[in-house]
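Now for the letters of each chain:
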Amino acid sequence: MTSFERVLQICGLDEQAAIPFFDQPAEVVRGWIDGSREVPAAAWAMLAQLYGQLERAAERSEIVLNEAGLDPTLWNEGMGIPDPAERLPNGAEINAGLIASLRRLHKGLAADGTISA
């Protein structure tokens, strides 16, 4: 797996979502993913910007989780709360929600590894 493919996963994009995200032909994006084409700096910059949006959505989601306490039903929702001005691809929105859940769970872990409110 290439670094580019891993970063796509972190940002919640698979190959099918990456093609319209980058507005590039499928063969170009596939080449970036499999390493047969060099990824241009502009594509990395787009991913960095998307990651920033994902982080902001995770922060907003974490606030909701904090208000709800450690309700396990919310951990499985995996939906981030993006700013209305920041449209996230569906996979990125899901990753934002999961990051928020992990952050909240991590903060709720006691030294012995049990979950506290």
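Note that the coordinates shown come from a computational prediction; the quantities given were computed from them, not determined experimentally. (Residues numbered from 1 in each chain as written. Predicted model: local features only at pLDDT ≥ 70, side-chain atom pairs only at ≥ 80, totals over all residues. Heavy atoms only, no water.)

J.: Pulling in residues and values, what's your account of the overall build of the protein?
T.: If you tally the helices and strands in the protein, you get six helices and zero strands. In sequence order, the protein lays out its α and β elements as α-α-α-α-α-α. Relative to its full complement of 117 residues, the protein shows a buried share of 37%. Of the contacts formed within the protein by residues at least 6 apart in sequence, a portion of 62% connects residues at least 24 apart. Working note: accessible area of the protein is about 6,900 Å², and carbon and sulfur atoms make up 55% of it. (Helix = DSSP H or I, 4+ residues; strand = E, 2+ residues; numbered from the N terminus. Buried < 20%, exposed > 50% of the residue type's maximum accessible area, 1.4 Å probe, protein only. Contact = heavy atoms within 4.5 Å. Areas by Shrake-Rupley, 256 points an atom, 1.4 Å probe, with all protein chains shown as cover.)

J.: So what about the nonpolar core? Which residues, and what values?
T.: Of all hydrophobic cores here, the largest spans 22 residues; its most connected members are F4, L8, F22, V29, W32, L47 and L50. Broken down by secondary-structure element, the contributors of at least two residues to this core are α1 (3–10), α2 (15–22), α3 (26–34), α4 (41–68) and α6 (90–108). The element best represented in this core is α4, accounting for six residues. Those residues in contact with L50 that lie beyond four places of it in its chain are C11, L13, F21, L88, P89 and A92. (Core = buried A, V, L, I, M, F, W, Y, C linked by side-chain atoms within 4.5 Å.)

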